[in-house]
Amino acid sequence: QVQVVESGGDLVQAGGSLRLTCAASEVISHKMGWHRQAPGKQRELVAEITRAGFTNYAESVKARFTISINNAQNTIFLQMNSLKPEDTAVYYCNVVTRSGNYWGQGTQVTVSS
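The paragraphs below set out a description of the structure included in this document. (Residues numbered from 1 in each chain as written. Predicted model: local features only at pLDDT ≥ 70, side-chain atom pairs only at ≥ 80, totals over all residues. Heavy atoms only, no water.)

Overview of the side chain of His35
If you trace the backbone, His35 turns up in strand β4 (residues 31-37). Residue class for His35 comes out buried when judged on its relative accessible area of 13%. Discounting chain neighbours no more than four positions away, the residues touching His35 are Arg43, Glu44, Leu45, Val46, Val90, Tyr91, Tyr92, Asn94 and Trp103. (Helix = DSSP H or I, 4+ residues; strand = E, 2+ residues; numbered from the N terminus. Buried < 20%, exposed > 50% of the residue type's maximum accessible area, 1.4 Å probe, protein only. Contact = heavy atoms within 4.5 Å.)

Thoughts on the side chain of Asp87
Inspection of the secondary structure assignment puts Asp87 in the loop between β8 (75-80) and β9 (89-96). A distance of 2.8 Å separates a polar atom in the side chain of Asp87 from a polar atom in the side chain of Arg64. (Polar contact = N/O pair within 3.5 Å; in protein donor to acceptor, adjacent residues only side chain to side chain.)

Quick word on the environment of Tyr102
With respect to the element layout, Tyr102 can be found in strand β10 (residues 101-103). For the pair formed by Tyr102 and Glu6, sequence separation is 96 residues and the distance between their alpha carbons is 12 Å.

Here we look at the state of the cysteines
Counted by the stated rule, this structure contains one disulfide. Linked covalently through their sulfurs, Cys22 and Cys93 form a disulfide whose S-S length is 1.9 Å. Between Cys22 and Cys93, the S-S dihedral sits near -85°, and the bridge is therefore left-handed. Of this pair, Cys22 sits in strand β3 (residues 18-24) while Cys93 is found in strand β9, placing the two residues 71 residues apart along the sequence. Since its relative accessible area comes to 0%, Cys22 is described here as buried. When its relative accessible area of 0% is taken as the criterion, Cys93 is described as buried. (Disulfide = S-S within 2.5 Å.)

Side note on the sheet that holds strand β1 (residues 4-7)
With antiparallel pairing, the four strands of this open sheet are ordered in space as β1-β3-β8-β7. Looking along the sheet, the strands with just one partner apiece sit at the ends: β1 and β7 (65-70). Strand after strand, the sheet turns through a mean of 15° between neighbouring axes, direction not considered. With six bridges joining them, β7 and β8 adopt antiparallel strand pairing. Bridge pairing in β8 places Phe65 opposite Met80. (Pairing = 2+ DSSP bridges. Axes fitted to C-alpha atoms, helices over the stretch in contact; angles between N-to-C directions.)

Regarding the packing of aromatic side chains
Per the stated rule, a full pass over the model turns up zero aromatic pairs. Of note, Arg43 hangs over the ring of Tyr92, and the distance from its end group to the ring centre comes to 3.8 Å. Positioned above the aromatic ring of Trp103, the side-chain terminus of Arg43 is 4.7 Å from the ring centre. (Phe/Tyr/Trp six-rings, centres within 6.5 Å; stacked < 30°, edge-to-face > 60°. Lys NZ or Arg CZ within 6 Å of the ring centre and 35° of its normal.)

What about the pattern of salt bridges?
Within the structure shown, the criterion is met by five salt bridges. Its salt-bridge partner being Lys31, residue Glu48 comes within 3.5 Å of it at the nearest N-O pair. On the criterion of sequence distance, the pair formed by Glu48 in strand β5 (residues 44-50) and Lys31 in strand β4 is long-range, its members being 17 residues apart. Its salt-bridge partner being Glu44, residue Arg36 comes within 2.9 Å of it at the nearest N-O pair. Take Arg36: its relative accessible area is 6%, and that puts it in the buried class. Given a relative accessible area of 38%, Glu44 falls into the partly exposed group. Taken together, the salt bridges that share partners define one network made up of Arg36, Glu44, Arg64 and Asp87. (Salt bridge = Lys/Arg side-chain N within 4 Å of Asp/Glu carboxyl O.)

Structure representation (structure tokens):
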């Protein structure tokens, strides 16, 4: 079974930084990414990356966040800089494989003003 585990969420002040990590047990992942969901809002794409290293970002985070991948470990990272209160949400890791679409349980990011 595919296991998806996120880590790195924390409480930080506006302008601070966090680095999120997502590790997946699937040997081959075609695409991995981060989504987030704030209370009362729909889950939205934050950033995603293919096995080849091509990336896609939400416009609201493009200048501040960087996604990267370690293919050997099937692990992705999200470097989050210049954090804003609007970034407060539960961040979920998404893993797309040949046979399915899998999600982690999420990690809480809270940015205080």
